[in-house]
Amino acid sequence: IAFEKGARGKKELCIADFDGSRVETITDYSSITLSPAWSPDGKKVAFTSYKDGNPNLYIKDLAAGRTELVSHKKGVNITPAWSRDGKKIALTLSLNNGNSEIYLMEVASRELERLTDDWATDVSPTWSPDDKQIAFVSSRSGNPQIYVLDVDTKKVKRITMEGSYNTSPDWSPKGNRIVYAGQQGSGFNIFVVSTDGTLFQQLTHRQGSNERPSWSPDGRFITFS
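Caption draft 1: The side chain of S128, seen in detail. Residue placement: S128 occurs in the loop between strand 12 (122–127) and strand 13 (133–138). What makes S128 buried here is its relative accessible area of 2%. Among the polar contacts listed, one links the side chain of S128 to the backbone nitrogen of K132, at a separation of 3.4 Å. What S128 contacts, discounting residues up to four positions off in sequence, is R84, Q133 and W171.

Caption draft 2: Main features of the pattern of salt bridges. Enumeration over the complete set of coordinates arrives at 10 salt bridges. A salt bridge links K51 to D52; the nearest nitrogen and oxygen atoms lie 3.5 Å apart. We note a salt bridge from D118 to R140, for which the minimum N-O separation is 3.9 Å. With D118 in the loop between strand 11 (112–114) and strand 12 and R140 in the loop between strand 13 and strand 14 (145–150), the pair connects residues that are 22 residues apart, well separated along the chain. A residue is classified by how much of its surface remains accessible, and D118, at 19% relative accessible area, is buried.

Cut-offs and rules
- Residues numbered from 1 in each chain as written.
- Predicted model: local features only at pLDDT ≥ 70, side-chain atom pairs only at ≥ 80, totals over all residues.
- Heavy atoms only, no water.
- Helix = DSSP H or I, 4+ residues; strand = E, 2+ residues; numbered from the N terminus.
- Buried < 20%, exposed > 50% of the residue type's maximum accessible area, 1.4 Å probe, protein only.
- Polar contact = N/O pair within 3.5 Å; in protein donor to acceptor, adjacent residues only side chain to side chain.
- Contact = heavy atoms within 4.5 Å.
- Salt bridge = Lys/Arg side-chain N within 4 Å of Asp/Glu carboxyl O.

Below you can see the structure in the form of structure tokens.
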């Protein structure tokens, strides 16, 4: 499991075994470092860090111990998500007059393809298992909701209709559900929704604020904060 650890103003990235044992800190920047994302082969972690001033995107090779700067566009370079084949990273950039949009980046060439084009804030992409669709968060309806985008056609469909603030989607490995955090009162709870938006289930109830859900690779478990 990869996660953030630290106080406000200083966060580092850590990894740990499934049961929380053998915690290892993998960054030491005395800065804000966020959004770790595993490569499909488990050998690398993409993340955003302010260590050089701007929120830039980096990839760390865990075995070699090397860290590579892969995106340092003006503005944000945040919320990375690897495609299942490991060849692309979906991320959020603010190249359009500071407005956040979803882009695809070829890992090998660093070539970019813009996926969304809307006045609203679009963030937090997550891939379907077949790499044909991407779920993301957008405020285009007025409040943050979960949408699904077809990578080829660029067509977008809203799939969350319950709640006024839904965020942090993660597509299940089996492909049939998306887990996300939805605000209820002053806190958040964990929900799942079918990819067509027809089936909806609340997973946490009356147990504090629950955020940042993520599926295990076999689809049996969900980690969350």
